[in-house]
Amino acid sequence: MEPPNGQSTSTTDAQIITEVLDGIYSDSGRANPYPLYARLRELGPVVTAPDGTVLISGYAEQKAFLQDHRLTKHPGRRLAAAGWPDWRDRPSLALMFESMLFLNPPEHTRLRRMVSAAFTPSRVERMRPVVEQITTDLLDALPRGTVNFVEDFALPMPIAVVAALLGVPSDDWPMFQSLARDWTLVLDDVSPATVERADKAAVEMGEVFTRLAKDRAKQPRDDMMSVIVAAQGDDKLTGRELVTMAALLLVAGFETSSGLLSKGLVALLRHPEQAARLRDEPELAVSAAEELIRYDSPIQLVPNRTAEEDMEVAGVKLAARQPVIAVIGAGNRDPKVFTRPEELILDRQEAAPLSFGGGVHYCLGAPLARIETQVALPAVLRKFPDIKLAGQPVPRAGHVISGLLKLPISI
């Protein structure tokens with residue numbers, strides 16, 4: 001495989017790249033990967049790892065790669081190499097890796113077109129009062145003292161929002177929190193024990209969504225499931241596609257938002273002067289949400305993109321089947337694009353963060369995640385003016401979705 005621009009990677013650079021990758025996948029790296037990203041950027045915006053994988057840390061280069069539809073996804077290859085040649089027979093693997101998230105055009109284009117009506121700006125904006133009410137109810141229910149912000153707010157809040165958007169009955173919202181958590185483990189870990197656990201969650205979610213789809217086919221309502229069931233034209237979603245789509249939308253709107261809310265609160269509490277501004281200046285909510293999305297992205301890596309033939313992107317030569325990883329967390333702090341990128345500046349007016357991807361795979365739920373952030377974090381700061389960290393945050397296992405398991409706070 002040819003390194004970027006035809007240049008070889010020196011032994012010293014290869015050692016640094018290996019050390020950085022080992023660090024990123026360690027517990028300490030998950031807690032704070034940014035010094036590692038800085039080392040990676042020092043080698044250049046695009047480098048090649050010893051195994052041939054291309055790592056992109058520069059903002060401009062990432063944007064070009066994310067928007068290039070010639071880079072495709074082939075999860076079956078990775079799953080087969082990991083010992084799952086029959087992965088389509090496992091409920092959790094089929095539900096995840098046959099979803100729109102891992103498909104390429106034209107299959108991806110067809111499915112995205114069918115659900116895009118559920119994410120029009122007007123429909124998503126109509127969810128703002130729902131987000132506000134759910135936020136108020138959850139904050140009112142928090143006991144004074146020390147609480148785990150993740151379990152008590154950052155998980156149930158986005159689950160409730162996206163479940164309400166889908167039309168899932170409110171009695172089922174708590175159940176989906178544990179089911180979604182168990183299922184998404186396969187994004188990072190496909191060990192037999194994890195797949196077994198995820199399979200149970202996938203089966204149960206599938207049963208719930210199948211019942212809900214049948215109900216909406218008979219009695220449509222003003223919710224996303226009704227829109228999906230009534231997907232336009234003769235080329236309707238199959239039953240399996242419908243369940244897969246509903247499950248993906250639930251999880252995509254839950255895990256990333258949970259990480260954004262919990263990590264965003266940590267950033268604010270570690271920058272009390274910025275937290276005070278957000279508490280006192282409601283007009284900062286929109287720019288603050290963008291800055292928090294940039295500062296500590298809920299998506300740190302976009303892996304598993306592959307060049308299927310020799311090609312060149314942004315001046316970088318790729319060989320056929322050469323894998324590419326966009327290190328989003330590094331691009332979002334590229335000093336060529338962002339002034340003082342290591343600082344949290346809530347009124348920053350610079351380039352948009354790359355946290356929601358780009359091109360055909362740009363996150364459909366990005367507008368909803370923005371609304372949740374704009375509403376929830378200022379509300380937390382206003383509700384609890386004396387809020388403080390009460391211990392060290394505990395990172396969520398995994399590397400694609402970056403979030404927290406525990407965030408002890410005193411309120």
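What this report covers is the structure whose coordinates are included nearby. (Residues numbered from 1 in each chain as written. Predicted model: local features only at pLDDT ≥ 70, side-chain atom pairs only at ≥ 80, totals over all residues. Heavy atoms only, no water.)

### Quick word on the nonpolar core
Okay, step 1: In terms of nonpolar packing, the biggest core is built from 105 residues, with F209 and L265 touching the most fellow members.
Okay, step 2: In contact with L265, other than residues within four places in its own chain, are F149, L377, V380, L381, I387, L407 and I409.
Okay, step 3: Core analysis: the second largest hydrophobic core is formed by 15 residues, Y37, L301, V327 and A330 among them. (Core = buried A, V, L, I, M, F, W, Y, C linked by side-chain atoms within 4.5 Å. Buried < 20%, exposed > 50% of the residue type's maximum accessible area, 1.4 Å probe, protein only. Contact = heavy atoms within 4.5 Å.)

### Focus on the environment of P395
Okay, step 1: Relative to the assigned elements, P395 resides in strand β10 (residues 394-395).
Okay, step 2: Between the C-alpha atom of P395 and that of I325, which follows or precedes it by 70 residues, the distance is 21 Å.
Okay, step 3: If near-sequence neighbours (up to four positions away) are discounted, P395 is found in contact with D27, R30, A31, G403, L404 and L405. (Helix = DSSP H or I, 4+ residues; strand = E, 2+ residues; numbered from the N terminus.)

### What about the sheet that holds strand β5 (residues 301-307)?
Okay, step 1: Ordered in space as β1-β2-β8-β5-β3, the five strands form an open sheet in which the pairing is mixed. Bordering the open sheet on either side are β1 (46-48) and β3 (71-73), each of which pairs with just one other strand. Neighbour-to-neighbour, the strand axes of the sheet open up by a mean angle of 35°, direction not taken into account.
Okay, step 2: Strand direction decides the pairing type here: strand β2 (residues 54-56) and strand β8 (residues 322-327), joined by three bridges, are parallel. Within β8, the position partnered with L55 by the bridge is I325.
Okay, step 3: Along the sheet, helix α4 (residues 59-66) contacts β1, β2, β3, β5 and β8; its crossing angle with β8, the most-contacted strand, is approximately 125°. (Pairing = 2+ DSSP bridges. Axes fitted to C-alpha atoms, helices over the stretch in contact; angles between N-to-C directions.)

### Points about the packing of aromatic side chains
Okay, step 1: The full count for this structure, using the stated rule, is six aromatic pairs.
Okay, step 2: Geometrically, the ring pair formed by F176 and F209 is tilted, given 5.3 Å between the ring centres and 35° between the ring planes. Placement of the pair is F176 in helix α12 (residues 173-183) and F209 in helix α13 (residues 192-218), with a sequence separation of 33 residues.
Okay, step 3: Accessibility expressed as a relative area gives 0% for F176, which makes it buried.
Okay, step 4: The exposure class assigned to F209 is buried, which follows from its relative accessible area of 0%.
Okay, step 5: Positioned above the aromatic ring of Y34 is the side chain of R333, whose terminal nitrogen or guanidinium carbon lies 3.5 Å from the ring centre. (Phe/Tyr/Trp six-rings, centres within 6.5 Å; stacked < 30°, edge-to-face > 60°. Lys NZ or Arg CZ within 6 Å of the ring centre and 35° of its normal.)

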